[in-house]
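Geometric and topological summary
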Amino acid sequence: MNENAIGTEIYELAKELFPICRSITGNGVRHTLNIIKRIIPELNIIEVPTGTPCFDWIVPKEWNISDAYVIDPDGKKIIDFKENNLHVMSYSVPIREKMGLEALQEHLYSLPDDPEAIPYRTSYYVERWGFCLSDKQRNTLKEGDYQVVIESTLEPGHMTFGELILPGETDQEILLSTYICHPSMGNNEISGPSVTTFLGKWLTGLTSRRYTYRIIFIPETIGAILYLSRNLDHLQRNVIAGFVVTCVGDNRNYTYLSSRQGDTLVDRVIQHVLGQIDPNYLVRNFQEHRGSDERQFCSPKVNLPVALLMRTRFGEFPEYHTSRDDLTVISPEGLFGGYDALRLCIVCLEGNRVYRNSITCEPFLGSRGLRPDVGGVKTLGVYFRHISNLLALSDGKMDLLELSQRLQVPMWDLLKIVDVLVLKKLLE
Amino acid sequence: MNENAIGTEIYELAKELFPICRSITGNGVRHTLNIIKRIIPELNIIEVPTGTPCFDWIVPKEWNISDAYVIDPDGKKIIDFKENNLHVMSYSVPIREKMGLEALQEHLYSLPDDPEAIPYRTSYYVERWGFCLSDKQRNTLKEGDYQVVIESTLEPGHMTFGELILPGETDQEILLSTYICHPSMGNNEISGPSVTTFLGKWLTGLTSRRYTYRIIFIPETIGAILYLSRNLDHLQRNVIAGFVVTCVGDNRNYTYLSSRQGDTLVDRVIQHVLGQIDPNYLVRNFQEHRGSDERQFCSPKVNLPVALLMRTRFGEFPEYHTSRDDLTVISPEGLFGGYDALRLCIVCLEGNRVYRNSITCEPFLGSRGLRPDVGGVKTLGVYFRHISNLLALSDGKMDLLELSQRLQVPMWDLLKIVDVLVLKKLLE
Amino acid sequence: MNENAIGTEIYELAKELFPICRSITGNGVRHTLNIIKRIIPELNIIEVPTGTPCFDWIVPKEWNISDAYVIDPDGKKIIDFKENNLHVMSYSVPIREKMGLEALQEHLYSLPDDPEAIPYRTSYYVERWGFCLSDKQRNTLKEGDYQVVIESTLEPGHMTFGELILPGETDQEILLSTYICHPSMGNNEISGPSVTTFLGKWLTGLTSRRYTYRIIFIPETIGAILYLSRNLDHLQRNVIAGFVVTCVGDNRNYTYLSSRQGDTLVDRVIQHVLGQIDPNYLVRNFQEHRGSDERQFCSPKVNLPVALLMRTRFGEFPEYHTSRDDLTVISPEGLFGGYDALRLCIVCLEGNRVYRNSITCEPFLGSRGLRPDVGGVKTLGVYFRHISNLLALSDGKMDLLELSQRLQVPMWDLLKIVDVLVLKKLLE
């Protein structure tokens, strides 16, 4: 499938998922996972009951919402959940009341610095209710009686997440984790599961996989903590590299955000891939810039090698956590860029091995068609240079990733030549 | 006590110590130490006899001086020790003679490049006599008979130094060493003992000390060698960080001069403190810029972790080693700056520990009042960020000093929060 | 002997060697080695028969040539081996034929981008014949019958190389390797053996040598592989530093090309020497810029510490591998520069030891005349500073090379002072 076709497919999925009102629990999550399962039927959907302890936390009550609105003193519906699900603070308790403007103001959230945008707000662990609206609209509200309605439920139920495990030749695992807990936002929500779904589809279709792949679609923070509480030993034993997939849909930057340790395999592979496809990629670090589930995966007692390859990082694009982060922020090109960069990371991880030149001194390449037979020319062509470099640097210690990085050559170009040299028994 | 008050107090002490004629032995040293003992009565004053061997050296004869002058052919006293004690070369032997200008010139020292300044000269280990004067004055000397008088003694006696040991919870020691052997100079003499005296007073007043403090007031070079010859084993076993305190009184720069090893605890703590209080601080290294008692403390067979935090380094300010380094070069602000930077180093050393997050994944901070309960805002406030950072980076390996340095946050700010997190059993 | 005299002597040798038609085997190599043996009679000349296996290669047939030319349709000799031996492709098989221009063109080599230059071409391992000529001349060739003559032989014989071993106090060896297989070219051929011959002469004349020196004159690539196949174990056990000597005759740049490991003793010594004599020297690395016998010496299974100190690197000067790389590209000054830089490397290797200050604290230098006896002056003179630095930094761990590099002082200056300090029992 070509580049445009994949980008478009991912964007179509994003458009379908965008309108759903997700939170950290509830039917929005289930609906989202069912759409993803249509594309990768091997996905398991797992439910964990409210009250389940997970390390320092417990699974909260399940929240669902059917409608919410505010009617102004003139009887006009002025804030309407059905128009934009960001209008309701996530986890708002039900309410049906008349109140004056002053009382209502206590429950309104807006952004004076970004007056056209509806902010995204949550209150998962303190029971309250609230409406979010643009500051511009807020300033038009006049005195009088407002009718306030939130038709929600907050009751014992479940937390829901999706898990796809694709076995490989070894038990060693590569983890892809993305979150499905924000309502209608583009780059900082729906780009992640959309790209991850298509990475899962591509991996499912591979005829062989060296590593086992663990792909999870979870609510952010509490979902990651819950997942870790159920799988910590296994993950610590097996995961050699992990990615949190988020903010992979806009077409502005590429960004690398390091793991806590900063120099793990996944850090090296992201730096190699981004260095080759976009030398101007941005570098961010765990201590100053962490913000998504790397906070859990890299926390000191968990300590997994997990890093992020993003387009524009959460918090660094102006539309972040507002209604302006909509389907115009992401694009088929942006999503394909995120997808393909992560795919290349996986290609590099799969192909990364330590090779050793099996001949003492240079092999006699002429007889094998691996060197031109007229000598004296000033420079070798790229193909012959790659051959020479692989043989000269494969010392049984340096892995192919480091070798590619030193040569500033894409590892995926060298991989094709490695196969030839292994076949001819020049590398082992 | 506030900043101004401490700076003024240190300056008052400096003014009192300034006029005394110190050398590496003699009553000037004793007088100086007695004034310091008035402020920190716990100070021990120790006398070691002439002839005592100390490694490759021996304690020299004791030198004392009561008067010295030159009377010109017109009968006018033109060079007078009582006007400025720099006029006499330190350790000058006694003399009372009439001589012509040519013979006198052999014993005069001046600075053609700095014609207004009286230079500072010594001859501790070759018996000679000399007068120092401004080059301007020297050029006015006319032919004729000069009366030359130095009323000094150079006889078996003692070398004198001061020692203050403040026990702490552990035997591990922090060393503060300053010198008391130069006559009337400001930044490169009297700033050191003045600041060190007030650090000693502050440390004496602390209700608890983790480390033992060893504070010594010694003649430079020979005094340090003597002190090391008496205490080497103990110091090598116990000292974890040491400071030579000198040139801490002018208000121009901050300077860090590294230990010989360059990466010891004291190097790290000075770099952290100066990086926080003055990002433009100057960096100097042992191999090129050493000059005071770090030469002994860091010599290969001694090898203590000793470095320098200075204002403007010896040799780098124009008044250095001349009469121009007087009480106008130092100031209450300059002295307070040196004092406070060294005090912060000690605060960091006392507080530096390796912490470990005791919870797997992030703790549930909301219930403990350590995180805002409305989610979705773009950035956390500083207090919440510090909490998050301490928990995210305390991995049981990195000490608080490195953690502060990575975050580019003053360690003294984090220390307050560490106490809260330890109390709430989140850090251990 | 002074600088000019040595440079001129090396240049005279280069002029004598230049006209000889060398290849990887044959009488040109023998002739060259015999001239060198005139200057260093200790040189052994070794012959290895055709067909001898060496790792993945075998010694090829021996090639000799007496004449070669092309006569144009007008009967004029237009390409003549006797005018310039680059006109014949090295290892051309014999031929004596008449042919049309089209057939001849198949066997002609020229450089459209460098139309005045005759290129250098070889075909060691595929039997063919060819003529090289300037592109300008090629474009004047007209239709008609050409008489083509190459009077060469390609028959079982020998590969010839020279070896000079100069025993030292230890079995540890320093290797100097240069090649003798190109016909008439200046910087990229004859500078190497000419400079190496005079380094050999200098080393032969030394009254004592700490290390054993192994100096070899070999055909490039196949010669290095052959030499390694006969000496690999011994070299791996004994060689502590090696140099490939090539491109050491022009007077443009100095260039350092690193070993594969990049941080061996020879890398450090070249960086020190070039840093002192030419701070603008060029840095090249093995992975991108290798090209001569470091390809064999540093190949993964051989792994010797071998690097290059060159003037302008092969491939980086415009005359490279053409008839323009003639005796005007090299000069007495250029050759002396290459010679002397390599000589200084050897001086540093011979003198590099780990010293330890034998006194605790600073020694009392005044009594030994190693410090001025008037104190208080702002800065010490260079001689006293060197003494102080050697004593302050000789910790029994850092070698003199690292110490010199840290101080940014030529090691050959410090060596003279080291001798004094060892004599006075201050260093051990």
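Residues numbered from 1 in each chain as written. Chains lettered and ligands numbered in written order. Predicted model: local features only at pLDDT ≥ 70, side-chain atom pairs only at ≥ 80, totals over all residues. Heavy atoms only, no water.

**A short note on the interface of chain A and chain B**
This is how the line gets drawn: Every residue pair with non-hydrogen atoms within 4.5 Å of one another is taken to be in contact. Here's the idea: put two parts together, see how much 1.4 Å probe accessible area each one loses, and the total over both is what we call buried area. Salt bridge, as used here: a side-chain nitrogen of Lys or Arg that lies within 4 Å of a carboxyl oxygen of Asp or Glu. Distance and chemistry together define a polar contact, namely a pair of N or O atoms within 3.5 Å, with one atom able to donate a hydrogen and the other to accept it when in protein, and with adjacent residues in sequence counting only for side-chain atoms on both sides. Only DSSP runs of H or I covering at least 4 residues are called helices, and only runs of E covering at least 2 are called strands; the numbering of each starts at the N terminus. For this scheme, ten residues count as nonpolar: Ala, Val, Leu, Ile, Met, Phe, Trp, Tyr, Cys and Pro. Four count as charged, namely Asp, Glu, Lys and Arg, and the remainder, Gly too, count as polar.
Counting residues at the interface gives 29 residues for chain A, matched by 27 residues for chain B. Interface area for chain A against chain B, summed over the two sides, is near 2,400 Å², with a carbon-plus-sulfur share of 53%. When the buried area of chain A at its contact with chain B is split by residue, Asp-56, Gln-287 and Lys-301 of chain A rank highest and sum to 27% of it. One can count three salt bridges joining chain A with chain B. Connecting chain A to chain B are eleven residue pairs in polar contact (both at pLDDT 80 or more). Of all the secondary structure elements, the ones that give two or more residues to the side of chain A that touches chain B are helix H6 (222-238), helix H8 (286-289) and helix H9 (294-297) of chain A. Among the elements that make up the side of chain A that touches chain B, the one with the highest residue count is H6 of chain A (three residues). Of the residues belonging to the side of chain A that touches chain B, the class tally is 16 nonpolar, six polar and seven charged.

**Things to note about the sheet that holds strand S11 (residues 173-179) of chain C**
Residue and element names in this part refer to chain C. Selection rule: Two strands make a pair as long as DSSP finds a minimum of two bridges between them. Between N-to-C directions, angles cover 0 to 180 degrees, with each direction set by a line fitted to C-alpha atoms, over the stretch in contact for helices.
Taken in spatial order, the eight strands of this open sheet run S1-S10-S12-S11-S13-S16-S14-S15, and their pairing is mixed. This sheet does not close on itself; its edge strands, each paired only once, are strand S1 (44-49) and strand S15 (282-284). Averaged over all neighbouring strand pairs, the angle between strand axes comes to 20°, with direction disregarded. Pairing of strand S13 (residues 239-244) with strand S16 (residues 306-310), which is carried by two bridges, proceeds in the parallel orientation. Across the sheet, Gly-242 pairs through a bridge with Val-306, a residue of S16. The sheet contacts of helix H2 (residues 27-39) involve S1, strand S10 (158-166) and strand S12 (212-218), and relative to S10 the element is tilted by about 20°. Packing against the sheet, helix H5 (residues 186-205) makes contact with S10, S11 and S12, and its axis sits at approximately 150° to S11.

**Describing the relation of the copies chain C and chain B**
Test applied: The fit set for superposing copies consists of C-alpha atoms from residues with pLDDT of at least 70 in both; the fit itself is least squares.
The transform that puts chain C on chain B rotates by 120° and translates by 0.0 Å along the axis, for an RMSD of 0.1 Å. Given the turn and translation reported, the copies of this chain are related as if by a three-fold rotation axis. When C-alpha positions in chain C are compared against the rotation axis, the closest is assigned to Asp-263 of chain C, at 13 Å.

**Let's talk about the packing of aromatic side chains**
This is how it is decided: Paired rings are identified among Phe, Tyr and Trp, the last through its six-membered ring, by centres lying within 6.5 Å, and are further divided according to the angle between planes into stacked (under 30 degrees), edge-to-face (over 60) and tilted (the rest). Think of it in three bands: with a 1.4 Å probe and only protein chains considered, a residue is buried below 20% of the maximum accessible area for its type, exposed above 50%, and partly exposed in between. We count a charge as sitting over a ring when the NZ of a lysine or the CZ of an arginine lies within 6 Å of the ring centre and within 35 degrees of the ring normal.
For the structure on display, the rule yields 33 aromatic pairs over all chains. Between Tyr-91 of chain B and Tyr-124 of chain B, the aromatic rings sit 5.4 Å apart at their centres with planes inclined by 85°, giving edge-to-face as the arrangement. With Tyr-91 of chain B in the loop between strand S5 (77-80) and strand S6 (95-100) and Tyr-124 of chain B in the loop between strand S7 (108-109) and strand S8 (131-132), the pair connects residues that are 33 residues apart, well separated along the chain. The exposure class of Tyr-124 of chain B is buried, given its relative accessible area of 19%. One residue, Arg-343 of chain C, lies across the ring of Trp-202 of chain C, its end atom 5.8 Å from the ring centre.

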